[in-house]
Amino acid sequence: RLKQENFQGVILISKGKEILMRETIYQKKGDNPKNLYKKHSFPLGESTKIFTAYALKILLLEKNIKESSYVKTHLPWFPYPNIKIENLLKHTSGLPKIVEIDPDFDTIPQRKKNTQLKKALIEAKTLTAFPPGEYWKYKRLDYFVIGILIEQLSGKSYHDFLNEKIFFPLKMNHSYVDESEPVLGNSGIYSNPEDLIHWQEELSHPTLLFKKQVQPI
């Protein structure tokens, strides 16, 4: 049925680390199918956030920093002094929408969006939608800021830190960060089904964090 509906992608069924079934489905027309090969990596979109949260928790553990710490302590330019790291992780920060601090975000060239967004955040005058911690409201800016926080605390790029602390130790050899992603940290990771088996195993039986740190993610 998936083939009839012109589905293109990979179907993988596993039990633990054991792969029970794997099939690559693509339409054999034109040149595009040549791009879909066995180890093809796909954009994870906003599922990137779980990797970002994991990376931050690893870093906080290494640096002995609590999630209750204020973001501004580590990012002095951050214009919202009452927002804590845990507020970003839980989407309880009340940060504005991206278009509220950068009305031109959707129209500027892709390659400039990331830099422009950080600049707009630094200069932001828009108030939070609610006092931090009072409500839950999904905002892409939360994990964009976490990505910046990872770079600030580690002294490495988001890409390099994830490679070193997650992809390499978990043998996720076909996973990587697209550094041109405008809202890096919220999205930007590519991976494939085989690598995600390793990732699922880490979430179920953590080796990089303590179990109690993984459960809230």
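Look above for the structure.
None of these values were measured; they are calculated from a predicted model.

How each quantity is defined
- Residues numbered from 1 in each chain as written.
- Predicted model: local features only at pLDDT ≥ 70, side-chain atom pairs only at ≥ 80, totals over all residues.
- Heavy atoms only, no water.
- Helix = DSSP H or I, 4+ residues; strand = E, 2+ residues; numbered from the N terminus.
- Buried < 20%, exposed > 50% of the residue type's maximum accessible area, 1.4 Å probe, protein only.
- Areas by Shrake-Rupley, 256 points an atom, 1.4 Å probe, with all protein chains shown as cover.
- Contact = heavy atoms within 4.5 Å.
- Salt bridge = Lys/Arg side-chain N within 4 Å of Asp/Glu carboxyl O.
- Core = buried A, V, L, I, M, F, W, Y, C linked by side-chain atoms within 4.5 Å.

Looking now at the overall build of the protein chain. For the protein chain, the count of helices and strands is 9 helices and 5 strands. Ordering the α and β elements of the protein chain from the N terminus gives β-β-β-α-α-α-α-α-α-α-β-β-α-α. The burial tally for the protein chain puts 43% of its 217 residues in the buried class. For the protein chain, the computed accessible surface area is about 12,300 Å², with 50% contributed by carbon and sulfur atoms.

When you line up the elements, phenylalanine 144 lands in helix 6 (residues 140-154). Assessed through its relative accessible area of 2%, phenylalanine 144 is described here as buried. Expressed as a C-alpha distance, the spacing of phenylalanine 144 and valine 183, which sit 39 residues apart in the sequence, is 5.6 Å. Phenylalanine 144 has contacts with Asn114, Leu117, Lys118, Leu121, Pro182, Val183, Leu184 and Asn186, leaving out every residue within four places of it along the chain.

With that settled, the discussion passes to the pattern of salt bridges. Opposite charge on two side chains permits pairing when their charged atoms draw close. Scanning the model with the defined rule gives 6 salt bridges in all. With its nearest N and O atoms 3.2 Å apart, the salt bridge here joins lysine 119 to glutamate 123. In this structure lysine 119 comes out as partly exposed when scored by relative accessible area, which is 44%. You can call glutamate 123 partly exposed: its relative accessible area is 46%. The residue lysine 165 makes a salt bridge to glutamate 164 at a minimum N-O spacing of 3.6 Å. The exposure class assigned to lysine 165 is partly exposed, which follows from its relative accessible area of 22%. The class for glutamate 164 is partly exposed, based on a relative accessible area of 38%. A single salt-bridge network, built from bridges that share partners, covers Glu62, Lys156, Glu164 and Lys165.

Counting 50 residues, the largest nonpolar core has Phe51, Leu162 and Ile166 as the members making the most contacts within it. For this core, the secondary-structure elements that each account for two or more residues are helix 1 (48-63), helix 3 (85-90), helix 4 (98-101), helix 5 (110-122), helix 6, helix 7 (158-167) and helix 8 (193-204). Per-element tally for this core: the top contributor is helix 6, with 9 residues.

Functional significance is not addressed by these values, which are geometric in nature.
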